[in-house]
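Observations on chain architecture
Take a look at the letters that make up each chain.
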Amino acid sequence: VGRPDAIFLHAEIDALRKVKDWSKVHRIRIERYDRKGNPIIAKPCEICEQAIHKAGICEIEYTV
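Residues numbered from 1 in each chain as written. Predicted model: local features only at pLDDT ≥ 70, side-chain atom pairs only at ≥ 80, totals over all residues. Heavy atoms only, no water.

Quick look at the nonpolar core
The biggest cluster of nonpolar side chains holds 8 residues, and these are Leu16, Ile28, Ile30, Ala42, Ala51, Ile52, Ile57 and Ile60. If you list the elements that add at least two residues to this core, you get β1 (27-30) and α2 (46-54). The residues touching Ile30, leaving out its near neighbours within four places in the chain, are Glu12, Ala42, Pro44, Ile52, Ile60, Glu61, Tyr62 and Thr63. (Core = buried A, V, L, I, M, F, W, Y, C linked by side-chain atoms within 4.5 Å. Buried < 20%, exposed > 50% of the residue type's maximum accessible area, 1.4 Å probe, protein only. Helix = DSSP H or I, 4+ residues; strand = E, 2+ residues; numbered from the N terminus. Contact = heavy atoms within 4.5 Å.)

A short note on the side chain of Glu12
Checked against the element boundaries, Glu12 lands in helix α1 (residues 11-17). The charged side chain of Glu12 is buried without a salt bridge, its nearest counter-charge being Arg32 at 8.8 Å. Not counting residues within four places of it along the chain, the set of residues in contact with Glu12 comprises Ile30, Pro44, Cys48 and Ile52. (Lys, Arg positive; Asp, Glu negative; His and termini not counted. Salt bridge = Lys/Arg side-chain N within 4 Å of Asp/Glu carboxyl O.)

Re the side chain of Thr63
Structurally, Thr63 can be placed in the segment after β2 (59-62). Using a relative accessible area of 6% as the deciding quantity, one classes Thr63 as buried. At 3.3 Å, the side chain of Thr63 and the backbone nitrogen of Arg32 are in polar contact. Setting aside chain neighbours within four positions, we find Thr63 in contact with Arg29, Ile30, Glu31, Arg32, Tyr33, Pro39, Ile40, Ile41, Ala42 and Lys43. (Polar contact = N/O pair within 3.5 Å; in protein donor to acceptor, adjacent residues only side chain to side chain.)

Describing the pattern of salt bridges
On inspection of all chains with the given rule, the structure shows 8 salt bridges. With a closest N to O distance of 3.9 Å, Lys24 and Asp21 form a salt bridge. Among the residues examined, Lys24 registers a relative accessible area of 66% and is labelled exposed. According to the relative accessible area criterion, Asp21 is partly exposed, its value standing at 35%. Among the ionic pairs, Arg27 bridges to Glu59, the shortest N-O distance being 3.9 Å. One end of the pair, Arg27, is in strand β1; the other, Glu59, is in strand β2, with 32 residues separating them in the sequence. Given the relative accessible area of 44%, Arg27 is considered partly exposed. Linked through salt bridges whose partners overlap, the residues forming this network are Arg27, Arg29, Glu31, Glu59 and Glu61.

Okay, structure coming up:
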């Protein structure tokens, strides 16, 4: 995705790797919570967002 120095596996990429039936995928929901269970910002990073779009997923939902 244009950043060869960035070597890591975010949860979004791991989720994409685990998809078995791409015909059923149209949305991804990314959730993140603090230690008290309150939702916190979980917007995907630029690299993950690019990978999600390249996978053909148009709807991205995330906690804010």
